[in-house]
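Residues per chain, in single letters:
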There are 2 protein chains.
Amino acid sequence: MPVERVRRRIPEATVARLPVYLRILVEQATEEVECISSEGLAELAGVNAAKVRKDLSYLGSYGTRGVGYEVAFLVYQIRRELGLTHDWPVVIVGAGNLGQALAGYNGFGERGFPVAGIVDIEPGKVGSVIGGVRVRHIDDLQQIVQSRRVSIGVVATPPSAAQDAADRLVRAGVTSILNFAPVVLAVPRGISVRKVDLAVELQILSYYEQRRVGVGLQAVGSNDSTRGASA
Amino acid sequence: MPVERVRRRIPEATVARLPVYLRILVEQATEEVECISSEGLAELAGVNAAKVRKDLSYLGSYGTRGVGYEVAFLVYQIRRELGLTHDWPVVIVGAGNLGQALAGYNGFGERGFPVAGIVDIEPGKVGSVIGGVRVRHIDDLQQIVQSRRVSIGVVATPPSAAQDAADRLVRAGVTSILNFAPVVLAVPRGISVRKVDLAVELQILSYYEQRRVGVGLQAVGSNDSTRGASA
DNA sequence: CGCGCTTTGTGAACACGTGCACAACTGCAT
DNA sequence: ATGCAGTTGTGCACGTGTTCACAAAGCGCG
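Rules behind the numbers
Residues numbered from 1 in each chain as written. Chains lettered and ligands numbered in written order. Predicted model: local features only at pLDDT ≥ 70, side-chain atom pairs only at ≥ 80, totals over all residues. Heavy atoms only, no water. Near = heavy atom within 4 Å. Polar contact = N/O pair within 3.5 Å; in protein donor to acceptor, adjacent residues only side chain to side chain. Helix = DSSP H or I, 4+ residues; strand = E, 2+ residues; numbered from the N terminus. Nonpolar A, V, L, I, M, F, W, Y, C, P; charged D, E, K, R; others polar. Phe/Tyr/Trp six-rings, centres within 6.5 Å; stacked < 30°, edge-to-face > 60°. Buried < 20%, exposed > 50% of the residue type's maximum accessible area, 1.4 Å probe, protein only. 1 Å grid on protein atoms, 1.4 Å probe; cavity = no way out; pocket = protein on both sides within 12 Å on 5 of 7 lines; lining within 4 Å. Points joined across faces, edges and corners; volume = space filled by probe spheres on them. Least-squares fit on C-alpha atoms with pLDDT ≥ 70 in both. Contact = heavy atoms within 4.5 Å. Patch = residues over 30% accessible without salt bridge, like charges linked within 9 Å, V, L, I, M, F, W, Y side chains within 5 Å. Areas by Shrake-Rupley, 256 points an atom, 1.4 Å probe, with all protein chains shown as cover. Salt bridge = Lys/Arg side-chain N within 4 Å of Asp/Glu carboxyl O. Lys, Arg positive; Asp, Glu negative; His and termini not counted. Charge placed at Lys NZ, Arg CZ, Asp CG, Glu CD.

**Q** Got a sec to walk through the protein's contact with DNA strand D? Specific residues and values, please.
**A** Surrounding DNA strand D, one finds 27 residues, the nearest of these being A:Ser38, A:Arg53, A:Gly66, A:Tyr69 and B:Arg65. Here, DNA strand D places atoms within 4 Å of the protein, and 64% of those atoms are sugar or phosphate. With respect to DNA strand D, the side chain of B:Arg17 contributes an N or O atom lying 2.9 Å from a phosphate oxygen. In this structure, B:Asn48 approaches DNA strand D through a side-chain N or O atom, which is 3.5 Å from a phosphate oxygen. The element contributing the most residues to the surface near DNA strand D is helix α3 (residues 49-57) of chain B, with four residues. Looking at the surface near DNA strand D residue by residue, the classes come out as seven nonpolar, ten polar and ten charged.

Below you can see the structure in the form of structure tokens.
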């Protein structure tokens with residue numbers, strides 16, 4: 001390993017798959033698997049083996065020809081590349097149905113995204129405790145973000161309040177937003193946004209479901225997870 | 001309009017954007033907007049105007065040059081193409097945190113996906129009522145799917161139970177699955193699967209967040225929603 | 001009616017992502 | 001040492017998606 005490593009750009013599609021590989025590799029590690037081939041990983045991830053190899057090659061040449069990849073080492077490398085060597089506390093805006101479910105979902109904390117706070121604009125919702133975190137008023141947002149060094153915000157408000165929530169998050173200093181509200185958020189350049197729209201997912205399924213009729217069962221695309229983080 | 005229209009194939013990426021256009025158009029309609037240009041729609045959807053035109057052109061030539069698109073008509077056409085001319089009842093497997101939030105989320109029913117039922121394997125969870133729907137035992141799944149003609153199932157179980165949930169859904173007759181569990185589901189050919197993995201979304205944000213350091217703020221990809229439904 | 005303004009629809013170039021196929025390389029057995 | 005079986009890393013061709021740029025077409029006005 002020579003001097004300083006140049007930070008190469010990893011294709012968007014690959015970035016979206018790395019977390020999947022990571023999850024599988026961690027699971028394999030707990031099952032005492034020490035080494036895995038691209039073929040094996042591909043099988044578990046539901047993708048093509050060549051794709052796995054190409055994806056992993058963006059991290060560097062960490063495999064051993066004739067053998068495969070050392071699971072623990074790969075886990076370390078993917079974690080490092082994804083920036084998962086430390087926790088990323090998140091703050092949730094909106095303590096409704098979804099916000100509560102997210103705050104109560106242990107998967108976040110377990111995977112390195114502890115809930116640093118949850119806020120709502122409704123005074124009535126403030127004070128209750130969800131998943132060990134007390135709901136605070138949205139006016140405390142800036143204080144939470146700054147004291148806990150939060151850089152990721154989650155918008156779990158009704159659609160009408162989502163843009164305001166995003167604006168407040170940005171003002172508070174958050175630089176990445178995960179948006180669950182069915183609206184297109186406008187954010188300043190340099191802020192990353194990803195959206196998860198449940199109804200959109202169902203509508204896409206509806207499209208393929210509808211096409212089924214009269215066409216007979218047929219393959220309808222792959223199962224990738226390629227979506228950009230906006231600027 | 002001549003005889004029977006041949007059903008053309010719409011690109012995956014376009015299918016993923018149509019629901020977004022639809023939501024915006026419906027909103028515009030309620031605000032009495034009768035006509036919209038590709039430019040205007042693109043602005044609201046956060047995409048390129050040429051992309052909007054190309055996307056809409058897959059539906060047919062429904063715009064008027066020099067004028068734009070009639071909102072109400074476009075709404076109708078997109079609905080028709082996405083198969084949203086009738087409701088698609090869904091059944092939710094898993095009445096934990098997330099399942100409850102989904103069942104209680106009105107957005108589903110409002111957008112044409114009423115919750116036909118929610119089931120859990122835990123007898124303790126059976127009987128409680130969420131969002132007006134009573135939780136039933138997973139053994140009733142087949143009965144619910146068949147009596148209510150459900151073709152879309154939602155997996156909202158812990159990861160360890162997800163594959164079993166999917167198997168049961170498929171056996172019960174469901175042909176599309178929306179998976180919230182962080183596992184890669186194995187399904188027979190012909191079954192569509194889309195997955196929503198919250199931790200993966202956060203990990204992707206983490207990647208771009210991490211790259212920010214030392215690189216300075218910069219654009220990090222687009223904000224599309226292109227993901228396949230698997231076969 | 002004809003002219004100019006506006007906006008669509010689309011051909012063509014380009015960018016991006018995928019998958020094949022194979023050379024390069026490793027480890028093991030003999 | 002040498003050969004062989006196995007697996008990676010990657011060049012290349014292909015397919016998909018995006019964007020530009022412009023001809024074709026509608027509308028309104030004089």
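Back to the text.
**Q** Now, about the packing of aromatic side chains: what can you tell me, with residues and values included?
**A** Residue and element names in this part refer to chain B. Counting across every chain of the model gives six aromatic pairs over all chains. With a centroid separation of 5.4 Å and 70 degrees between ring planes, the pair formed by Tyr-105 and Phe-108 is classed as edge-to-face. Tyr-105 gets classed as partly exposed once you look at its relative accessible area, which sits at 28%. Look at Phe-108 and you get buried, because its relative accessible area is 1%.

**Q** Talk me through the layout of surface pockets; I want residue IDs and the actual numbers.
**A** Of the voids in this model, the second largest pocket is the one considered here, and its volume is about 1,000 Å³. Lining the second largest pocket are 43 residues, with A:Tyr105, A:Gly107, B:Pro158, B:Pro159 and B:Pro182 positioned closest to its centre. Those elements that place two or more of their residues in the lining of the second largest pocket are α1 (12-30), α5 (97-104) and α6 (106-110) of chain A together with α5 (97-104), α8 (159-172) and α9 (198-212) of chain B. The element best represented in the lining of the second largest pocket is α1(A), accounting for six residues. Looking at the lining of the second largest pocket residue by residue, the classes come out as 22 nonpolar, eleven polar and ten charged.

**Q** Got a sec to walk through the protein's contact with DNA strand C? Specific residues and values, please.
**A** Near DNA strand C, the surroundings consist of 27 residues, among which A:Lys51, A:Lys54, A:Arg65, B:Ser38 and B:Tyr69 are the closest. Across the atoms of DNA strand C situated within 4 Å of the protein, the share located in sugar and phosphate is 66%. Note that a base oxygen of DNA strand C is positioned 2.5 Å from one of the side-chain N or O atoms of A:Lys54. For the surface near DNA strand C, the secondary-structure elements that each account for two or more residues are α1 and α3 (49-57) of chain A together with α3, β2 (63-64) and β3 (68-70) of chain B. The element that contributes the greatest number of residues to the surface near DNA strand C is α3(A), accounting for four residues. Its residues assigned to classes, the surface near DNA strand C shows seven nonpolar, ten polar and ten charged.

**Q** Got a sec to walk through the relation of the copies chain A and chain B? Specific residues and values, please.
**A** Its rotation angle being 180 degrees, the transformation that places chain A on chain B also includes 0.0 Å of axial translation and leaves an RMSD of 0.0 Å. Those values place the two copies in the arrangement expected of a two-fold rotation axis. Taken as a fraction of all interface residues of chain A, those also at the interface in chain B reach 100%, which identifies the copy contact as same-surface.

**Q** Give a description of the side chain of B:Gln77 that names residues and reports values.
**A** Mapped onto the elements of the fold, B:Gln77 is located in helix α4 (residues 71-82). Only 3.3 Å separates the side chain of B:Gln77 from the side chain of B:Tyr62, close enough to count as a polar contact.

**Q** Let's hear about a negative patch on the surface: which residues, and what values?
**A** All names here are of chain A. A cluster of acidic side chains, namely Glu-27, Glu-31, Glu-32, Glu-34 and Glu-70, defines a negative patch on the protein surface. Mapped onto the secondary structure, Glu-27 falls in helix α1. A relative accessible area of 43% places Glu-27 in the partly exposed class.

**Q** Go over the environment of A:Gln146, please, and point to the residues and values.
**A** Within the secondary structure, A:Gln146 sits in helix α7 (residues 141-147). By relative accessible area, which is 49% here, A:Gln146 ends up partly exposed.

**Q** Tell me what's going on with the pattern of salt bridges, and back it up with residues and numbers.
**A** Where charged atoms from two side chains of opposite charge approach closely, those side chains can pair. Scanning all chains against the criterion turns up 18 salt bridges over all chains. Between A:Arg17 and A:Asp55 there is a salt bridge; the shortest N-O distance is 2.6 Å. Note that A:Arg17 is positioned in helix α1 and A:Asp55 in helix α3, a separation of 38 residues in sequence. The burial state of A:Arg17 is the same as that of A:Asp55; both residues are buried. Across the pair B:Arg168 and B:Asp139 runs a salt bridge whose closest N-O atoms are separated by 3.6 Å. Taken together, the residues B:Arg168 in helix α8 and B:Asp139 in the loop between β7 (133-137) and α7 (141-147) connect sequence positions 29 residues apart. Taking the relative accessible area as the measure of exposure, B:Asp139 reaches 57% and is therefore exposed. Taken together, the shared-partner salt bridges in this structure form one network comprising A:Arg23, A:Arg111 and B:Asp197.

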